[in-house]
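Chain residues, written in single-letter form:
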Amino acid sequence: MSEKFKVGILGGTGMVGQRFISLLENHPWFEVVAIAASPRSAGQTYEKAVADRWKMTTPMPENVKNIIVKNVNEVEEVSKDVDFVFSAVDMTKEEIRAIEEAYAKTETPVVSNNSAHRWTPDVPMVVPEINPEHLDVLDYQKKRLGTQKGFIVVKPNCSIQSYTPALAAWKKFEPTLVVATTYQAISGAGKTFKDWPEMEGNIIPYIGGEEEKSEQEPLRIFGHLENGQIVKAEAPLITTQCIRVPVLNGHTAAAFVNFNKKATKEELIQALEEFKGLPQELDLPSAPKQFIQYLTDDDRPQVALDVDYERGYGVSIGRLREDVHFDWKFVGLSHNTIRGAAGGGVLIAELLVKQGYIEKK
């Protein structure tokens, strides 16, 4: 690509914004040229605005340190110099819906990590390997917004990435019922152990709103386009519990599944290992070569060993075995701030570029 796309980060001082900036360092297609945040950060260099709140384990990229942070509410000012934006703003859902639509109406595509638009009927919520066809709804969204090139695409909740890809790989066996418990890292709350020392050696059996998202969002991903909107699937039925655990990065899920069609363990593992999608076929820069790996050791997947599989863009599955009351049970693991958050957004943006939805201004 001869000239990189110019990218803005909305909410660039928070943890997900920092992860976007970290992942985009030396990206072959994208260059961060604008960072926007709250009015209190505006006017400062990015390095000064973040100060001692840099939460990544890698150093702050040199190329962003001296970028002057803009006021995220000054939509025209931020959007004038970028081809598209990633959104990770910390606002109320009503404020997020309004500001993301405002950016889209400046003919600036928005790839959002936020949950505010996940159930807007004409906004696609995408895992690129699973439901890229949902991007077709953008034609209807642009008509509603009155735009030619501006639109919003969102990525789903981070917790579902540890089990939903397996369900997608097993689609031909027709999953009917799923019971899942997720064990979620503290970075999912935008925290480190420095910020949240009371999480050390602790478990909190509640994450506000998470169980509803974990039960419903896979159904929207498995849904279909009808009359200009995404209609969620009716199956499988999913029930979950979501628990915060003392882990920095990595969401683990313990899941039980019933199927309409019988399958052997060998068939299920083969389906996992062979599952791929457009990111692999198009060889997108951030795409994992193998989306899902199956681990045969009884004590895998482990956060310490497997969370960075495929640079954090892959999903690890293990402990697949028959159950007394369900057909099968398994354990899944995904990196919640890479595959589950910023990295998932980067992969969506790469797909949007490759399919011609994002163009240089």
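Structure shown above.
*Asks:* Mind laying out the pairing of strand S14 (residues 328-334), listing which residues take part and the relevant values?
*Replies:* Extensive coverage of S14 is indicated by the burial of 7 of its 7 residues. The side-chain alternation of S14 yields two buried faces, one formed by Trp328, Phe330, Gly332 and Ser334 and the other by Lys329, Val331 and Leu333. Judged from the 7 bridges that link them, strand S11 (residues 251-259) and S14 form a sheet pairing that is antiparallel. Bridging from a neighbouring strand, histidine 251 pairs with serine 334 of S14.

*Asks:* Tell me what's going on with the packing of aromatic side chains, and back it up with residues and numbers.
*Replies:* All told, the structure shown has 12 aromatic pairs when counted by the stated rule. Measuring from ring centre to ring centre gives 5.2 Å for phenylalanine 84 and phenylalanine 86, while their planes differ by 80°; the resulting arrangement is edge-to-face. A single burial state applies to phenylalanine 84 and to phenylalanine 86, both of which are buried. For the pair tryptophan 170 and phenylalanine 259, a centre-to-centre distance of 5.8 Å together with 80° between the ring planes defines the contact as edge-to-face. Here phenylalanine 259 lies in strand S11 and tryptophan 170 lies in the loop between helix H7 (164-169) and strand S7 (175-184), a separation of 89 residues in the sequence. Grouping aromatic residues by their ring pairs yields a cluster made of Phe5, Phe20, Trp29, Phe30, Phe84 and Phe86. Stacked on the ring of tyrosine 140, the Lys or Arg lysine 143 has its end atom at 5.8 Å from the ring centre. Over the face of the ring belonging to phenylalanine 5 we find lysine 360, whose NZ or CZ atom lies 4.0 Å from the ring centre.

*Asks:* How would you explain helix H8 (residues 210-221) if you had to name every residue and give the values?
*Replies:* Over its 12 residues, H8 extends 16 Å from the first C-alpha to the last, a length consistent with the 16 Å expected when each residue adds 1.5 Å. Every buried residue of H8 is listed here: Glu210, Ser214, Glu215, Glu217, Pro218, Leu219, Arg220 and Ile221. Elements that come into contact with the buried residues of H8 comprise H7, S7, strand S9 (229-231) and strand S10 (237-244).

*Asks:* Run through the side chain of arginine 339, naming residues and quoting values.
*Replies:* With respect to the element layout, arginine 339 can be found in helix H12 (residues 338-354). Leave out the neighbours within four places in its chain, and arginine 339 touches Val127, Pro128, Glu129, Gln161, Pro288, Phe291, Gly312, Tyr313, Gly344 and Leu347.

*Asks:* For H12, give the residues involved together with the corresponding values.
*Replies:* Residues spaced three or four apart along an α-helix point in a common direction, a consequence of the helix completing one turn every 3.6 residues. Across its 17 residues, H12 extends only 20 Å between first and last C-alpha, which sits more than 12% below the 24 Å expected from 1.5 Å per residue. A maximum bend of about 50° is found in H12 at glycine 344. H12 sits mainly inside the fold: 16 of its 17 residues count as buried. Glycine 356 occupies a position one or two residues after H12 and carries a positive phi of about 85°.

Rules behind the numbers
Residues numbered from 1 in each chain as written. Predicted model: local features only at pLDDT ≥ 70, side-chain atom pairs only at ≥ 80, totals over all residues. Heavy atoms only, no water. Buried < 20%, exposed > 50% of the residue type's maximum accessible area, 1.4 Å probe, protein only. Helix = DSSP H or I, 4+ residues; strand = E, 2+ residues; numbered from the N terminus. Pairing = 2+ DSSP bridges. Phe/Tyr/Trp six-rings, centres within 6.5 Å; stacked < 30°, edge-to-face > 60°. Lys NZ or Arg CZ within 6 Å of the ring centre and 35° of its normal. Expected span 1.5 Å × (residues − 1). Contact = heavy atoms within 4.5 Å. Bend = angle between axes of the 7 residues up to and from the residue.

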